[in-house]
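# Residue-level structure breakdown
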Amino acid sequence: MKVKITNLRALYDTSDIKISPITVLLGKNSVGKSTFARSFSLMKQSLFINRSEPVLWYSSDLVDFGSFKDSVTKGYDEIGFEYSFKLSTEELELFSRYNFLLRVLSLANSIDENFNKGITVRFSVKENQISYINILFLDYNYQIKYDNRYKVESFIINNIPTSLGELYSRSDFSLGEIIPQINLKNPPEELSGSFSLGGRAFALASWKEIELLFSKIKDGRTNKNTIQKILKKVILGDYKSFEKDFEKTIKGWKTIYQKYLGLTLDERQSFTSRLYSLIGQVYYNSVVDLINEYLSDYFSEVQYIAPIRATAERYYRIQGVSLNDITSQGENVPMILYNLKPSEKKDWKEWTRKNFDGIEFDVKQDSSNLSLILAKSGQVINLADTGFGYSQILPILLYLWRKTKMKRTYFRRGFWNTNSNQSLLIIEQPELHLHPALQANLIDSFARIVKNKKLDVSIIIETHSDTIVNRLGEHVISNKSNIDSDDVNLVFFEEDKENNGLAKLKQIKFDERGRISGWPVGFFEPGPIKSFLGDVQNVD
């Protein structure tokens, strides 16, 4: 996944930031690190509630950006989000066969397996509504502009505007939807049946445009079924390959091929480019479904852990709170531990003992109350009687253990039946109240998690700790670790003094020897002591 954000608080333009297995956000205070880290939870809380606005700026369970006006960079009126991701060959094949019009419109094109399998979606939010969408998929460049009532002002594919009538999108967003579908407002009479409403009418009307285009080269015997047979044989990929494959395919229909050859070179070019565009138009709402599926799946597995986590209390009341996700401050950790099965509790304690200096965490029930218990070196202590470090690290450890042992839950809108296992853990300042040795142990656990292919976990760390950065470098050069230089992305946030102090981001990496090229000199060093002699008068 690559992420780009524009005009969100201090993030004027992040450029494309690669989310590696371990991504480390570094920089001084108030330069946009937390804004970037919390933007993932912003998308999560937006996707999983029915709403009248695309982005939900506030959630008591996750993050609080205030409002659109609070969030947009001063001097700008739009906030941009961009996500780029790659699909597997299997997912692309499933996409090419998926269409809600399958019984009416059979257009199950295979996709060129050698072509770029990436998708990029960009959308801009202005005054709490989407104003612009840009999607790059295969060799299609979709560009959609909306007015302030979600009427489509322009719909362009590969610089070719649509010739359909008035288009619009719904102004409300359902669960799992961030990119709205395109609907045809006044469909022709033959498309006005209940089956053809909304997005279906848009695709069917696009198919009618294909039939109309074929009138330039068809004979009297050419019907809808013939056109379908031709297009089903054509491989979708980049435009040039499509053009060659189309010309090769229609050789099987002699009259059509001869009429096609009778066109001038410019007319043939216009025909195939228009045809390619219209096929993309037919598939547009399916592409939107594909994007919403992927993003809802990705963001459903975002776990955000805030920098200030709940401190241990002496007693907790037993109550029915959320047990699926760990809350951002870890308030529900005692109840999660309380509800573990005996076998899970045993495994949990063995895991922490093995990975974190022989410590164990448990809960003890006393009537209707619970106590968090720490066991170490034969001593059993109420967690409230220990330092802050153990209570701060507990939500992180519980997340890591659950990812290794517990089955994942998913959110699915029904696009396909394959399930991605990718998850994203975001932690702000995991080093708080931790001795450097425990910080190193934590990074060791992160390294084991992200290299477990069955789990597919990525971790974003916002930190001020040189211990964490140095430990990652040790992993890169160690023959006892599977972490290599490509697994770690260090993102530096700096003030751009030439751009009103907004954030300027720079990505650097470890080399194979664990060294960092481009590391800011003195980054973790304090400045020189300024003389204060004479500032205070001596008092006898």
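Presented here is a report on the structure given in the accompanying data block.

Reading the values: rules and limits
Residues numbered from 1 in each chain as written. Predicted model: local features only at pLDDT ≥ 70, side-chain atom pairs only at ≥ 80, totals over all residues. Heavy atoms only, no water. Pairing = 2+ DSSP bridges. Helix = DSSP H or I, 4+ residues; strand = E, 2+ residues; numbered from the N terminus. Axes fitted to C-alpha atoms, helices over the stretch in contact; angles between N-to-C directions. Phe/Tyr/Trp six-rings, centres within 6.5 Å; stacked < 30°, edge-to-face > 60°. Buried < 20%, exposed > 50% of the residue type's maximum accessible area, 1.4 Å probe, protein only. Salt bridge = Lys/Arg side-chain N within 4 Å of Asp/Glu carboxyl O. Contact = heavy atoms within 4.5 Å. Parallel < 35°, antiparallel > 145°, perpendicular 65-115°, else oblique. Left-handed = near helix turned anticlockwise from the far one by under 90°. Nonpolar A, V, L, I, M, F, W, Y, C, P; charged D, E, K, R; others polar.

### Some details on the sheet that holds strand β4 (residues 22-27)
With respect to topology, 6 strands assemble into an open sheet ordered β13-β18-β19-β4-β20-β21, the strand pairing being mixed. In this open sheet, the two edge strands, each paired with only one partner strand, are β13 (302-305) and β21 (502-508). The sheet shows a mean angle of 15 degrees between the axes of neighbouring strands, direction not considered. Pairing of β4 with strand β19 (residues 457-462), which is carried by 4 bridges, proceeds in the parallel orientation. Of the residues in β19, the one forming a bridge with L25 is E462.

### Here we look at the packing of aromatic side chains
By convention here, two paired aromatic rings are described through the distance between centres and the angle between planes. Tallied over the full model, the rule gives 31 aromatic pairs. Here F81 and F123 contribute two aromatic rings whose centre-to-centre distance is 5.5 Å and whose plane-to-plane angle is 25 degrees, an arrangement assigned as stacked. Residue F81 is located in strand β5 (residues 79-86), and its partner F123 is located in strand β6 (residues 118-126); the two are separated by 42 residues in the primary sequence. On the basis of relative accessibility, which here comes to 1%, the residue F81 falls in the buried class. A centroid spacing of 5.3 Å and a plane angle of 85 degrees characterise the contact between Y298 and F299, whose relative ring orientation is edge-to-face. An identical accessibility class is assigned to Y298 and F299; each is buried.

### A word on the pairing of strand β20 (residues 488-496)
For β20, the buried fraction is high: 7 of the 9 residues fall into the buried class. Alignment of β4 against β20, held across 6 bridges, turns out to be parallel. Bridged to I22 within β20 is V488. Of the strand pairs in this sheet, β20 and β21 are connected by 7 bridges, and their pairing is antiparallel. The residue bridging D496 from the neighbouring strand is L502, located in β21. With antiparallel pairing between neighbouring strands as the criterion, β20 and β21 make up a hairpin whose turn holds 5 residues, including N500 at a positive phi of roughly 60 degrees.

### Concerning the pattern of salt bridges
Taken as a whole, this structure holds 18 salt bridges when the rule is applied. Here D511 makes a salt bridge to R515, at a shortest N to O gap of 3.1 Å. For D511, a relative accessible area of 27% puts it in the partly exposed group.

### Topic: the environment of K86
Position of K86 relative to the elements: it lies in strand β5. Sequence spacing of K86 and Y294 is 208 residues, and the spatial spacing of their C-alpha atoms is 9.9 Å. With sequence-adjacent residues up to four places away left out, K86 is seen in contact with N116, K117, G118 and Y294.

### Concerning the packing of helix α6 (residues 239-249) against helix α8 (residues 265-282)
Taken N-terminus to C-terminus, the directions of α6 and α8 make an angle of 110 degrees; their axes are 10 Å apart at the nearest point. With respect to each other, α6 and α8 are oriented roughly perpendicular. Crossing hand, α6 versus α8: right-handed. Across the interface between the two elements, Y239, F242, E243 and F246 from α6 touch Q269, F271, T272, S273, L275, Y276 and I279 from α8. Here the residues of the contact of α6 with α8 are counted per class, giving 7 nonpolar, 3 polar and 1 charged.

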